[in-house]
Amino acid sequence: PKEKIMNAFKWIAAPAERQATSFSGKMKYLVEGEIRSWDGPSFEVLSPVYQPTAKVLERPVLGKCPLLDETTAQQALAAAVRAYDKGRGVWPTASVAFRIRCFEKFLDRMEKRRLEVARLICWEIAKPWNDAVKEFDRTVAYGRETVAALKDLARAGSRFVLDSGFRAQ
């Protein structure tokens, strides 16, 4: 029975470029704009998808997540509070044009990793390949549409209007 099960799974194996790959780099986290390495405890992220390997079905290890300690978490929280600064921080007070440029740059960089992200979606949440690619494309399109809408709002808000003899912006 075990061999029959294994044989049944051979026909559904993903092509090589869509196989699960484990992230083997150092664990990292972000605080105050700085990417820091973590050498402390972690947990493995396993795919919900079982993969046939040497006569057994196994859940591939996709990577590891750091289990940050309380001190590190408090440092990250304090940095976030300082960065926001009650709405007076650099990002909340940045111009619309600056934030748009940052987000467009992010979307451009994200698009370059399309297939990698789609593969991760497949293995991390068991979404079929075509659906994962469509989800990625929809997300990027939504981001671009949001930027276009924000640009339209910024243009409309910068126009002067004449109302009851007063010019207003």
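Before reading on, note that the structure itself is shown above.
One structure accompanies this document, and this report is about it. This one's a predicted model, so the numbers in the text were calculated from it and none came from an experiment. (Residues numbered from 1 in each chain as written. Predicted model: local features only at pLDDT ≥ 70, side-chain atom pairs only at ≥ 80, totals over all residues. Heavy atoms only, no water.)

### A look at the overall build of the protein
So, step 1. Broken down by element type, the protein carries six helices and eight strands.
So, step 2. Beginning at the N terminus, the succession of helices and strands in the protein can be written as α-β-β-β-β-β-β-α-α-α-α-α-β-β.
So, step 3. The C-alpha radius of gyration computed for the protein amounts to 23 Å, which surpasses the reference 15 Å derived for 169 residues by more than 25%, pointing to a less compact arrangement than a globule.
So, step 4. By its C-alpha atoms, the protein is 85 × 40 × 20 Å across when sized along the principal axes.
So, step 5. Burial status across the protein gives 19% buried among its 169 residues.
So, step 6. A fraction of 52% describes how many contacts in the protein between residues 6 or more apart in sequence connect residues 24 or more apart.
So, step 7. Carbon and sulfur atoms make up 58% of the accessible area of the protein, which amounts to about 12800 Å² in all.
So, step 8. The protein carries 29 positive and 21 negative side-chain charges, and their two centres are separated by 3 Å. (Helix = DSSP H or I, 4+ residues; strand = E, 2+ residues; numbered from the N terminus. Rg over C-alpha atoms; globule rule 2.2 N^0.38 Å. Buried < 20%, exposed > 50% of the residue type's maximum accessible area, 1.4 Å probe, protein only. Contact = heavy atoms within 4.5 Å. Areas by Shrake-Rupley, 256 points an atom, 1.4 Å probe, with all protein chains shown as cover. Lys, Arg positive; Asp, Glu negative; His and termini not counted. Charge placed at Lys NZ, Arg CZ, Asp CG, Glu CD.)

### A word on the packing of aromatic side chains
So, step 1. Throughout the structure, instances matching the rule amount to three aromatic pairs.
So, step 2. Geometrically, the ring pair formed by Tyr29 and Trp38 is edge-to-face, given 6.2 Å between the ring centres and 80 degrees between the ring planes. Per residue, the accessibility class of Tyr29 equals that of Trp38, and both read buried.
So, step 3. Look at Phe103 and Phe106: their rings are 6.1 Å apart centre to centre, the planes differ by 20 degrees, and that puts the pair in the stacked class. Of this pair, Phe103 and Phe106 are both found in helix α4 (residues 96–111), three residues apart, which corresponds to roughly one turn of the helix.
So, step 4. Residue Phe103 is classed as partly exposed on the basis of its relative accessible area, which comes to 34%. (Phe/Tyr/Trp six-rings, centres within 6.5 Å; stacked < 30°, edge-to-face > 60°.)

### A short note on the pairing of strand β2 (residues 34–38)
So, step 1. Across five bridges, strand β1 (residues 27–31) lies against β2 in antiparallel orientation. By the bridge assignment for β2, Val31 is matched with Glu34.
So, step 2. Counted along the chain from β1 to the antiparallel partner β2, the turn is two residues long, and its residue Glu32 has a positive phi close to 55 degrees. (Pairing = 2+ DSSP bridges.)

### Observations concerning unusual backbone geometry
With the exception of glycine, most residues fall at negative phi, and the peptide bonds are largely trans.
So, step 1. Residue Lys86 is not a glycine yet carries a positive backbone phi of 55 degrees.
So, step 2. The class for Lys86 is exposed, based on a relative accessible area of 71%.
So, step 3. Look at Ala126: it is not a glycine, yet its phi comes out positive at around 60 degrees.
So, step 4. Along the polypeptide, Ala126 turns up in the loop between α5 (114–125) and α6 (129–157).

### Overview of a nonpolar patch on the surface
So, step 1. A grouping of Val96, Leu150 and Leu153 is seen on the molecular surface, where their side chains present a nonpolar patch of about 240 Å² in accessible area.
So, step 2. Its place among the elements puts Leu153 in helix α6.
So, step 3. Residue Leu153 is classed as exposed on the basis of its relative accessible area of 60%. (Patch = residues over 30% accessible without salt bridge, like charges linked within 9 Å, V, L, I, M, F, W, Y side chains within 5 Å. Salt bridge = Lys/Arg side-chain N within 4 Å of Asp/Glu carboxyl O.)

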